[in-house]
Amino acid sequence: MQNQINSIVKDTLINLKQKGIPATPNEYHKEFCNVSKTYNLSIKECKQFKQLVSKLSKNEQIEIEAKGIETFEDMIPILLNRVSKDNVNTLAKLFQEAVTPSISIDVDENLQKFSIKIGNSPALLFEEDIQKEMQEFITKRFEADKKVVKQKTSDIAKLLTLMGQYFNDAIHSSGKGSKEVSNIKSQIQSIDMQKSNGFEELTELQSKLIDAALTIENEMSHVGEKLSSGKSEVEALEQKIKKLEEELDKTREQSTKDHLTGVLTRGAYEEEVKKIEANFERNNTQYAIIFFDLDHFKKINDTHGHQAGDIILSTFAKVLNKNTREFDIVGRYGGEEFVAVVHFNLKRELLKYLKRIKAIINDNDFLYKKEKIHVSFSAGVAIRNNHPSYESAIQKADMLLYQAKESGRNKIIIEDGTTI
């Protein structure tokens with residue numbers, strides 16, 4: 001065993017020297033593990049690295065594979081991107097508040113159990129199964145709120161309809177009654193009491209009847225005016241309700257759009273993908289998943305400021321939106337990453353779309369405070385028909401994006417090997 005290890009050490013140093021690689025601890029460890037494989041010898045330190053990688057998230061494993069990382073030292077930058085555990089408790093509380101229906105008073109028993117589980121072990125938020133369960137609760141919460149709002153709006157509409165009918169009937173009745181009272185008053189006034197043998201009682205009665213008729217007529221007139229005014233107020237209330245409904249629709253639309261770029265939020269994008277995937281399963285409609293990532297975006301923020309970065313993100317999103325058809329979708333996946341789902345029949349249609357986006361960005365500069373900033377992007381493209389599931393296809397697009405960035409950036413790589 002010791003003789004084999006001595007041979008591995010010797011071969012490791014020889015290989016590093018032949019490759020012109022300095023024998024740093026990191027490079028030595030990497031080459032040592034590679035050489036040990038040729039001796040069919042299992043080294044504990046080499047196995048530990050693989051065991052650690054197997055415990056990471058799928059996205060982290062994909063990134064490690066794409067970047068060819070083989071040592072603990074090279075893995076450190078990826079682990080540093082993880083969310084701080086100090087913030088997990090706060091994140092868990094925010095999630096519990098987010099999924100609790102804000103309008104519907106019914107709280108699902110499963111949601112209560114899930115909230116208790118998350119509260120007891122906040123670190124579960126990073127588990128893939130838990131995240132899927134979270135997405136289901138968020139969808140249920142939205143549907144519950146939407147159902148209650150729809151019901152309340154329907155109840156208000158019914159009430160307004162009944163009130164309007166009542167006021168119309170009352171006003172019509174008031175007008176008819178007032179007319180009849182006026183007729184009675186005219187008939188009483190037409191009686192000539194002087195020809196009735198001058199009976200004072202009849203004259204007094206006539207005077208009282210006329211006064212009573214005048215009082216009734218005035219009251220009926222006031223009632224009619226009040227009812228007409230009430231109807232106007234109801235009509236104004238109907239306009240307010242209509243405006244509120246329009247604002248509710250607008251708010252619902254805004255909740256699906258990213259506030260900065262105007263494209264779909266990640267959550268809204270994933271909801272739309274479900275519809276596209278359902279159509280794919282029914283009709284086998286071919287589509288491509290495209291991951292876009294702006295090159296050296298951090299450097300742009302550091303050099304020109306975050307406001308310039310925001311303008312570039314917003315403008316890039318507008319380019320994608322304007323050049324993507326209505327039945328295709330574009331979403332902001334996070335930070336400077338965007339994702340698009342584009343349907344096509346022939347490959348040349350897809351190539352035409354990709355080349356058009358690339359030409360627009362490459363041939364133009366972004367303008368910020370009279371300063372021209374040139375920006376490029378990298379992209380990875382996966383074809384849904386080549387994969388057993390949407391999840392598999394989008395992982396492939398993500399890997400191709402990393403490949404494009406690692407091989408020099410400013411390029412689009414399609415999974416059939418085509419590079420633009």
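Details of the structure are given in the entry above.
The paragraphs below set out a description of the structure included in this document. Remember, predicted model here, so these are calculated numbers, not experimental data.

Focus: the overall build of the protein chain
- Scanning the protein chain for helices and strands turns up 14 helices and seven strands.
- Sorting the 420 residues of the protein chain into buried and exposed places 34% on the buried side.
- Across the protein chain, the fraction of contacts at a sequence separation of at least 24, relative to all contacts at a separation of at least 6, is 64%.

Let's talk about the pairing of strand E3 (residues 337-343)
- Counting buried residues in E3 gives seven out of seven residues, a clear majority hidden from the surface.
- In this sheet, E3 lies alongside strand E1 (residues 287-294) in antiparallel orientation, the contact comprising seven bridges. Across the sheet, the residue bridging to Ile-290 is Ala-340, located in E3.
- Of the pairings in the sheet, the one linking strand E2 (residues 329-334) to E3 comprises five bridges and is antiparallel in character.

Quick word on the sheet that holds E3
- Read from one edge of the open sheet, five strands run E2-E3-E1-E6-E7, paired in mixed fashion. Two strands in the sheet have a free side with no partner beyond their single neighbour: E2 and strand E7 (412-414). Between one strand axis and the next, the sheet turns through 20° on average, direction left out of account.
- Bridge count between E1 and strand E6 (residues 377-383): seven bridges; the pairing is antiparallel. Note on E6: the bridge partner recorded for Phe-292 is Ala-379.
- Across the sheet, helix H12 (residues 306-323) is in contact with E1, E2, E3 and E6; its angle to E1 comes to roughly 160°.

Things to note about the pairing of E6
- Across the seven residues that make up E6, a large majority, seven, are buried.
- Sheet topology places E6 next to E7; three bridges connect them, and they run parallel. Among the inter-strand pairings, Val-381 is bridged to a residue of E7, identified as Ile-414.
- You can see the chain leave E6, run along helix H14 (residues 390-406) and come back into E7, and the turn it takes is left-handed.

With respect to helix H4 (residues 58-67)
- Every buried residue of H4 is accounted for by Glu-60, Ile-62, Glu-63 and Ile-64.
- Gly-68, located one to two residues past H4, shows a positive phi value of around 65°.

Some details on the nonpolar core
- Within the largest apolar cluster, 36 residues are counted, with the highest numbers of intra-cluster contacts made by Ile-290, Phe-292, Leu-354, Phe-377 and Val-381.
- Of all the secondary structure elements, the ones that give two or more residues to this core are E1, helix H11 (297-304), H12, E3, helix H13 (347-362), strand E4 (366-368), E6 and E7.
- Ranked by residue count, the leading element in this core is H12, at seven residues.
- Excluding anything up to four places from it in sequence, Ile-290 contacts Phe-338, Val-339, Ala-340, Val-342, Leu-350, Tyr-353, Leu-354, Ala-379, Gly-380 and Val-381.
- Listed in part, the 19 residues of the second largest apolar core include Val-273, Phe-280, Ile-289 and Phe-291.

A look at the packing of aromatic side chains
- Under the counting rule described, the total for this entry stands at seven aromatic pairs.
- Ring geometry for Phe-280 and Tyr-287: centres 5.9 Å apart, planes at 80°, overall edge-to-face.
- On the numbers, 6.2 Å between centres and 75° between planes, the contact of Phe-292 with Phe-316 is edge-to-face. Of this pair, Phe-292 sits in strand E1 while Phe-316 sits in helix H12, placing them 24 residues apart in sequence. Comparing Phe-292 with Phe-316 shows no difference in burial state: the two are buried.
- Over the aromatic face of Tyr-333 sits the side chain of Arg-266, whose NZ or CZ is 3.8 Å from the ring centroid.

Section: the packing of H11 against H12
- Close contact between H11 and H12 brings their axes to 6 Å; oriented N to C, the two are set at 135°. Between H11 and H12, the crossing angle belongs to the class labelled oblique. Taken together, the residues of H12 that come into contact with H11 (itself represented by Phe-297, Ile-300, Asn-301 and His-304) are His-306, Ala-308, Gly-309, Ile-312 and Leu-313.
- Its residues assigned to classes, the contact of H11 with H12 comprises five nonpolar, four polar and no charged.

Structural notes on the pattern of salt bridges
- Following the criterion strictly, the structure yields twelve salt bridges and no others.
- With a shortest N-O distance of 2.5 Å, Asp-416 and Lys-347 are connected by a salt bridge. Here Lys-347 lies in helix H13 and Asp-416 lies in the segment after E7, a separation of 69 residues in the sequence.
- Residues participating in the shared-partner salt-bridge network are Asp-293, Asp-295 and Lys-405.

A few points about the packing of H4 against H14
- Remark: H4 packs on H14, axes separated minimally by 10 Å, with the N-to-C direction vectors making an angle of 40°. Our pair here, H4 against H14, has a crossing hand that is right-handed. On H14, the residues touching Lys-58, Ile-62, Glu-63, Glu-65, Ala-66 and Lys-67 of H4 are Gln-395, Met-399, Tyr-402 and Glu-406.
- Taken together, the residues that form the contact of H4 with H14 break down as four nonpolar, one polar and five charged.

Basis of the calculations
Residues numbered from 1 in each chain as written. Predicted model: local features only at pLDDT ≥ 70, side-chain atom pairs only at ≥ 80, totals over all residues. Heavy atoms only, no water. Helix = DSSP H or I, 4+ residues; strand = E, 2+ residues; numbered from the N terminus. Buried < 20%, exposed > 50% of the residue type's maximum accessible area, 1.4 Å probe, protein only. Contact = heavy atoms within 4.5 Å. Pairing = 2+ DSSP bridges. Axes fitted to C-alpha atoms, helices over the stretch in contact; angles between N-to-C directions. Right-handed = clockwise from strand over helix to strand, strands pointing away. Core = buried A, V, L, I, M, F, W, Y, C linked by side-chain atoms within 4.5 Å. Phe/Tyr/Trp six-rings, centres within 6.5 Å; stacked < 30°, edge-to-face > 60°. Lys NZ or Arg CZ within 6 Å of the ring centre and 35° of its normal. Parallel < 35°, antiparallel > 145°, perpendicular 65-115°, else oblique. Nonpolar A, V, L, I, M, F, W, Y, C, P; charged D, E, K, R; others polar. Salt bridge = Lys/Arg side-chain N within 4 Å of Asp/Glu carboxyl O. Left-handed = near helix turned anticlockwise from the far one by under 90°.

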